[in-house]
Amino acid sequence: MRVISGKVRGLKLNTPKNEDVRPTTDRVKESLFNMINPYMMESNILDLFAGTGSLGIECLSRGASKCTFVDVSRESIALVKSNIKKARFENESEVLNLDFKDAISKLKIKNNKFDVIFMDPPYYKDMFIDALEKIDNANILKEDGIIIVEHDTKDKFPEEIGSLEKSRDKKYGNTTLTFYKLK
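Residues numbered from 1 in each chain as written. Predicted model: local features only at pLDDT ≥ 70, side-chain atom pairs only at ≥ 80, totals over all residues. Heavy atoms only, no water.

Novice: Go over the overall build of the protein with me, naming the residues and quoting the values.
Specialist: Along the backbone of the protein there are five helices and eight strands. When its helices and strands are written in sequence order, the protein yields α-β-α-β-α-β-α-β-α-β-β-β-β. Relative to the globule expectation of 16 Å for 183 residues, the C-alpha radius of gyration of the protein, 15 Å, shows essentially globular dimensions. Viewed in the frame of its principal axes, the protein has a C-alpha envelope of about 40 × 40 × 30 Å. Going through the 183 residues of the protein one by one, you find that 52% of them count as buried. Here the contacts in the protein between residues at least 6 apart in sequence split such that 62% fall between residues at least 24 apart. Working note: accessible area of the protein is about 9,100 Å², and carbon and sulfur atoms make up 45% of it. The positive charge centre, built from 31 side chains, and the negative charge centre, built from 29, are 4 Å apart in the protein. (Helix = DSSP H or I, 4+ residues; strand = E, 2+ residues; numbered from the N terminus. Rg over C-alpha atoms; globule rule 2.2 N^0.38 Å. Buried < 20%, exposed > 50% of the residue type's maximum accessible area, 1.4 Å probe, protein only. Contact = heavy atoms within 4.5 Å. Areas by Shrake-Rupley, 256 points an atom, 1.4 Å probe, with all protein chains shown as cover. Lys, Arg positive; Asp, Glu negative; His and termini not counted. Charge placed at Lys NZ, Arg CZ, Asp CG, Glu CD.)

See the structure below:
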């Protein structure tokens, strides 16, 4: 697992020792960032269910100004922190070792708004919808921002969730990226 482009291009990131964390493959990550690169410069990023932190670190490498990394797993948080340190992005990063619901509530209270929100939770469909509903209710997505959900291709998502609407799906074998934006 490596950073594909930007300030720390080619940097090899630390990876999990077990199968609990499923990092985004380089092929999917490269395609994803080709699509969303215009959102990167000076953006505020939320890497929800961060795992290794590779998506948020890729954003910082490409010019994002800040990334908030969230994960409930202590092991994942340790991995995220080690990768942030390795990339030297400590000043641009905030790390929250919280459940996604608590993290979203905290971000709402702090009045944080994000240009890009990544969601790559364990492949469990009910968690996806719940997280999207919480994001919508908390109003933490900027008006022209996007949410990117990485999920199993078998999972189907509604066209609308509250004030969010699906804008596209992009399939990569067993993995699909679904994009949401505000209506």
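Novice: Explain the pairing of strand S5 (residues 141-152) to me, using residue names and the numbers behind them.
Specialist: Of all 12 residues making up S5, nine are buried, and the element is well covered by its neighbours. Where strand S4 (residues 114-119) lies against S5, five bridges are found, and the strand directions are parallel. The partner of Val116 across the bridge, within S5, is Ile146. (Pairing = 2+ DSSP bridges.)

Novice: Please set out the side chain of Asp130 residue by residue, giving values where relevant.
Specialist: For Asp130, the position within the fold is in helix H5 (residues 125-138). On the basis of relative accessible area, Asp130 is assigned to the buried category, the value being 19%. Those residues in contact with Asp130, other than ones at most four positions away along the chain, are Phe100 and Lys101.

Novice: Can you explain the sheet that holds strand S7 (residues 164-172)? Please cite residues and give values.
Specialist: Read from one edge of the open sheet, eight strands run S3-S2-S1-S4-S5-S8-S7-S6, paired in mixed fashion. Every interior strand has two partners, whereas the edge strands, strand S3 (93-96) and strand S6 (160-161), have only one. Relative to S7, S6 runs antiparallel, the two being bridged by two bridges. Looking across to S7, one finds that Glu160 is bridged to Glu165. Against the sheet, helix H3 (residues 74-87) touches strand S2 (66-70) and S3, its axis set at about 170° to S3. (Axes fitted to C-alpha atoms, helices over the stretch in contact; angles between N-to-C directions.)

Novice: Just give me the short version of the environment of Ala50, but keep the residues and values in it.
Specialist: Position of Ala50 among the secondary structure elements: in the loop between strand S1 (44-48) and helix H2 (54-61). Given the relative accessible area of 9%, Ala50 is considered buried. Along the backbone, Ala50 and Thr15 are 35 residues apart, and their C-alpha atoms lie at a distance of 12 Å. Not counting chain neighbours up to four residues away, the residues in contact with Ala50 comprise Phe69, Val70, Asp71 and Val80.

Novice: Account for the pairing of S3, with residues named and values stated.
Specialist: Bridging between S2 and S3 involves four bridges; their strand directions are parallel. Paired with Val70 across the strands is Leu96, a residue of S3. Read from S2 through H3 to S3, the crossover connection turns out right-handed. (Right-handed = clockwise from strand over helix to strand, strands pointing away.)

Novice: For the state of the cysteines, give the residues involved together with the corresponding values.
Specialist: As enumerated under the stated definition, the model contains zero disulfides in all. We note that Cys59 lacks a disulfide partner, and the nearest cysteine sulfur, in Cys67, lies 6.2 Å from it. Given the relative accessible area of 0%, Cys67 is considered buried. (Disulfide = S-S within 2.5 Å.)

Novice: Lay out H3 with the relevant residues and their values.
Specialist: For H3, built from 14 residues, the straight-helix expectation of 20 Å at 1.5 Å per residue is met to within 8% by its first-to-last C-alpha distance of 20 Å. Within H3 the residues assigned to the buried category are Ser76, Ile77, Leu79, Val80, Asn83, Ile84 and Ala87. The arc that holds every buried residue of H3, seen down its axis, measures 160°, which confines them to one face. Away from its buried face, by an angle of more than 90 degrees, H3 presents the exposed residues Arg74, Glu75 and Lys85. If you follow the buried residues of H3, they end up packed against H2, S2 and S3. (Expected span 1.5 Å × (residues − 1). Arc of directions from axis to C-beta.)

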